[in-house]
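Architecture at a glance
So the chains spell out like this:
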Amino acid sequence: MLEKPKRKNPVLRTRLPTLPPAARSRVALGLTAAAALGRFELQQCRDCAMVQYPPREACQQCLSVHLPWRPQPGEGELLSSTVLHHSNDLFFRERLPWRLGLVHLDSGPTVVAHLHGGVPPAPARVRVAARLDRAGQAVLVALPEKETSSMADDRQLREFTCDPRLRKVLVTDGKTATGQALVQALAAAGAELIWVGYAEPWKKFPGFDELNRVSQATLLPLDVTDSKNVRELAAEIGGKVDIVVNNAEHHRAFGISNRSGVEAARAEMDVNYFGLLRLAQEFGPAMRLRGADGLANAVAWVNVLSIYALANFPPHGTAAHSLAQCLRAEMRPAGVRVVNVFPGPIDDEWNQLVPPPKLAAVALANAIVGALRDGIEDVYPGDVAQEWLARWRDNPKALERELS
Amino acid sequence: MTRKGYEGVAVAVPVTVPYVRYSIRAAHWWLARCFSEILKSAGLKKDAIDGLSVSSFTLAPDTAIGLTQHLGVSPRWLDHVPLGGASGVVALRRAARAVQAGDADIVACIAGDTNHVDSFRLTLANFSQYGAGGPNASFAFLTAYYMRVYGATREDFGKLCVAQRANALEYPHALFKKPLTLEEYLSARPIAEPLHLFDCVMPCAGAEGFLVLGEERAKTLGVAFASLIGTIERHNAFASDPVQMRAGWALDREELYAQAGAGPGDMDFVQTYDDYPVISLMQLEDLGFCGKGEAPAFVRRHSFTHNGSFPLNTSGGQLSVGQAGAAGGFLGMVEALRQLTGQAQARQVKDAKLGLVSGFGMINFDRGLGCGAAILRC
């Protein structure tokens with residue numbers, strides 16, 4: 001049973017960030033690429049269909065070098081398990097004892113996996129999944145065969161995920177339908193405290209009262225275009241935030257020749273790019289220090305971007321995407337997960353001319369909470385985003401034409 | 001095609017450079033001392049050695065060929081055997097063929113590694129993403145599976161460890177010098193369940209070596225020697241077994257005993273590769289001393305001291321001597337030579353004429369890949 005984290009005693013040691021072993025061969029990064037999307041894929045020989053593990057350059061059976069990555073059901077039998085009471089690695093030394101299992105997958109190979117506490121002693125049926133570890137690299141976890149309600153509370157599993165339960169979250173914009181859906185979804189997921197930012201606090205906005213009725217929610221004036229405001233808020237709560245969800249967005253019809261001057265573009269950049277930059281600069285350093293904090297467990301930063309980023313549209317979206325990638329690179333050594341979310345058009349007032357299907361704000365919010373819970377790094381929520389992702393993976397140039 | 005025999009191959013001059021837990025020296029220092037000790041013991045000048053076989057992990061990024069310059073030798077036959085625990089048997093096999101073919105007259109087989117305070121951690125950093133448990137975790141899986149399927153108990157593994165410690169007390173180079181009781185074994189702290197402290201080898205620095213040469217040459221030199229009468233080697237056997245409960249010995253043992261003209265029951269002693277006790281049990285089975293799954297009963301039936309009913313790892317094995325990297329793969333070979341040439345002092349197995357040495361090397365995440373065995377006769 002997961003307990004509410006105790007208050008931090010500033011006199012006692014702060015656990016500083018360490019990472020599990022991060023070295024991977026280039027081919028092994030295929031496992032990471034799939035795990036980033038929440039998928040478990042292994043190489044499967046194109047010529048003889050043998051499933052390979054660990055990742056290889058040539059098929060162990062027929063020596064073919066054509067080894068595409070294919071989704072795996074992950075079902076298998078736990079052959080043997082161990083509990084480590086000793087490790088030479090700083091990351092694991094802080095987290096002993098640690099349970100590992102040797103699993104024979106039904107698809108053929110035998111794998112080593114981090115073993116969920118709910119799996120009974122061998123022999124037992126298990127479900128193997130790929131997760132990103134604190135170093136941002138894929139590892140395999142063996143889960144109980146059947147999902148249980150408190151499965152996500154497993155001490156080891158929580159090292160790979162950023163489940164919002166009992167965590168403190170900042171949602172940067174509570175004025176939008178997405179922001180309000182996020183607050184509701186995070187509250188339902190058991191977040192301990194949700195700070196909700198809202199710009200122009202002198203104006204009451206639709207949904208204000210509903211937000212105030214969420215017991216975990218605290219509304220705070222936050223304008224991401226105001227450097228002083230961001231800095232002061234970070235000084236106040238920055239040391240406590242476990243998860244930042246930046247959903248602040250300035251969203252207008254875009255284009256070059258159908259509007260004059262740079263004011264609209266500047267306003268877009270000021271929120272979508274510089275807003276994220278301000279937040280990252282003010283909240284980032286404290287979060288990097290908390291990456292290993294036992295109380296915070298897994299710290300995460302979520303950026304709500306747009307599926308158009310796949311085709312580098314529009315300029316402010318691309319700038320935000322690029323900044324989010326930089327943030328990920330800077331946060332990774334501290335063990336902070338940066339989750340980038342690429343929704344298709346959201347069903348809100350600014351997408352009035354976009355035909356359905358559009359993504360409901362509630363669906364987006366649930367996808368974000370799900371990604372935190374499952375340790376997913378790149379999120380493509382909804383049918384539109386999934387289809388565009390598939391098109392982009394198939395032929396990036398074609399998607400550019402289709403979107404323009 | 002039947003392979004040719006190993007007639008006329010002598011193995012001689014067992015040498016150990018005394019182990020230390022930690023060393024500030026490089027692998028070169030250990031290998032050089034081993035080489036010079038071989039020369040001294042054999043009464044040879046270094047130019048007389050025209051073949052060199054090197055096994056070492058910590059020599060890297062330097063190489064065997066780099067070592068020839070370091071040692072100032074000019075061999076006409078050179079080998080590098082990076083096979084860990086299988087390197088002793090494999091080095092001997094290859095050197096034997098070189099001597100038989102006349103590619104070299106006298107081959108020095110040397111194995112050595114240094115061990116700095118941080119060496120083992122750095123080695124493991126590239127070994128395992130899962131808890132960085134290294135071989136402890138891999139052997140924990142095998143041990144747990146073996147216990148579940150074949151009913152071995154911790155007492156069975158403990159019996160081997162305790163007997164080997166008794167042997168080690170008669171071996172001056174063993175790093176462990178205190179007796180071990182079964183109670184101490186059982187109450188040791190857990191490392192990777194079901195493995196506890198005394199199930200795991202201790203990494204250290206050290207070197208081992210021997211000479212391979214023609215029997216006539218050995219007689220001329222006046223060095224005591226054993227004859228190689230059978231040897232096998234096999235890698236990545238039974239790759240489709242979901243978990244490793246057997247290795248290549250099981251494939252090739254008939255040929256090994258046919259070459260030697262002797263069976264398991266004829267052996268006066270056995271030296272297994274013993275970085276963890278479960279692998280000794282597996283070797284006893286795969287080499288035909290008992291059936292698969294019968295090693296626990298075999299262990300309960302025998303005592304394993306040098307003067308017991310089944311002398312095993314008579315110098316204490318790696319579990320009581322220490323694991324000096326690749327030299328761990330030479331430990332059994334060097335001890336077998338001492339036993340067969342009457343140099344085993346207080347731990348001498350009475351009337352030892354025939355001995356079996358086994359090697360097992362290069363465990364990855366779930367299994368050891370290489371194995372080999374050799375039978376020597378005096």
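Calculation notes
- Residues numbered from 1 in each chain as written.
- Chains lettered and ligands numbered in written order.
- Predicted model: local features only at pLDDT ≥ 70, side-chain atom pairs only at ≥ 80, totals over all residues.
- Helix = DSSP H or I, 4+ residues; strand = E, 2+ residues; numbered from the N terminus.
- Rg over C-alpha atoms; globule rule 2.2 N^0.38 Å.
- Buried ≥ 20, exposed ≤ 12 C-beta atoms within 10 Å, placed from the backbone.
- Domains from an automatic or database assignment.
- Contact = placed C-beta atoms within 7 Å.
- Pairing = 2+ DSSP bridges.
- Right-handed = clockwise from strand over helix to strand, strands pointing away.
- Nonpolar A, V, L, I, M, F, W, Y, C, P; charged D, E, K, R; others polar.

Looking only at helices and strands, one finds 11 helices and 14 strands in chain A. In summary, chain A has a C-alpha radius of gyration of 22 Å against a globular reference of 22 Å for 404 residues, a match within 12%. If you line up chain A on its principal axes, its C-alpha atoms span 65 × 55 × 30 Å. Counting the 404 residues in chain A, one finds 45% classified as buried.

Right, let's talk about the domain arrangement of chain B for a bit. In many analyses, interface size is given as the accessible surface area lost on bringing the parts together. Residues and elements named next belong to chain B. Looking at the assigned domains, one finds that chain B contains domain 1 (9–118 + 205–225) and domain 2 (133–198 + 228–377). Measuring from the centre of the C-alpha atoms in domain 1 to the corresponding centre in domain 2 gives 23 Å. Listed as interface residues are 32 residues of domain 1 and, on the opposing side, 35 residues of domain 2. Looking at the side of domain 1 that touches domain 2, the elements that each hand over two or more residues are β1 (9–20), α3 (87–101), β4 (106–113) and β7 (205–214). When residues in the side of domain 1 that touches domain 2 are grouped by element, the largest group, seven residues, is from α3.

Residues and elements named next belong to chain A. Spatially, β10-β9-β8-β11-β12-β13-β14 is the arrangement adopted by the seven strands of the open sheet, whose pairing is parallel. Looking at the sheet topology across the chains shown, the edges are occupied by β10 (217–221) and β14 (378–379). Relative to strand β13 (residues 337–341), strand β12 (residues 300–304) is paired through five bridges, and the arrangement is parallel. Bridging across to β13, tryptophan 301 finds its partner in valine 338.

Residues and elements named next belong to chain A. Note that strand β9 (residues 193–198) and β10 share five bridges and pair parallel. The residue bridging glycine 197 from the neighbouring strand is leucine 220, located in β10. In this region the chain leaves β9, passes through helix α4 (residues 208–213) and returns to the parallel neighbour β10; the handedness of that crossover is right-handed.

All names here are of chain A. Once the domains are mapped, chain A shows domain 1 (29–152) and domain 2 (168–403). Each of domain 1 and domain 2 was reduced to a C-alpha centroid, and the two centroids are 31 Å apart. Every contact between the two is made by eight residues of domain 1 and, on the other side, eight residues of domain 2. Looking at the side of domain 1 that touches domain 2 residue by residue, the classes come out as four nonpolar, two polar and two charged.

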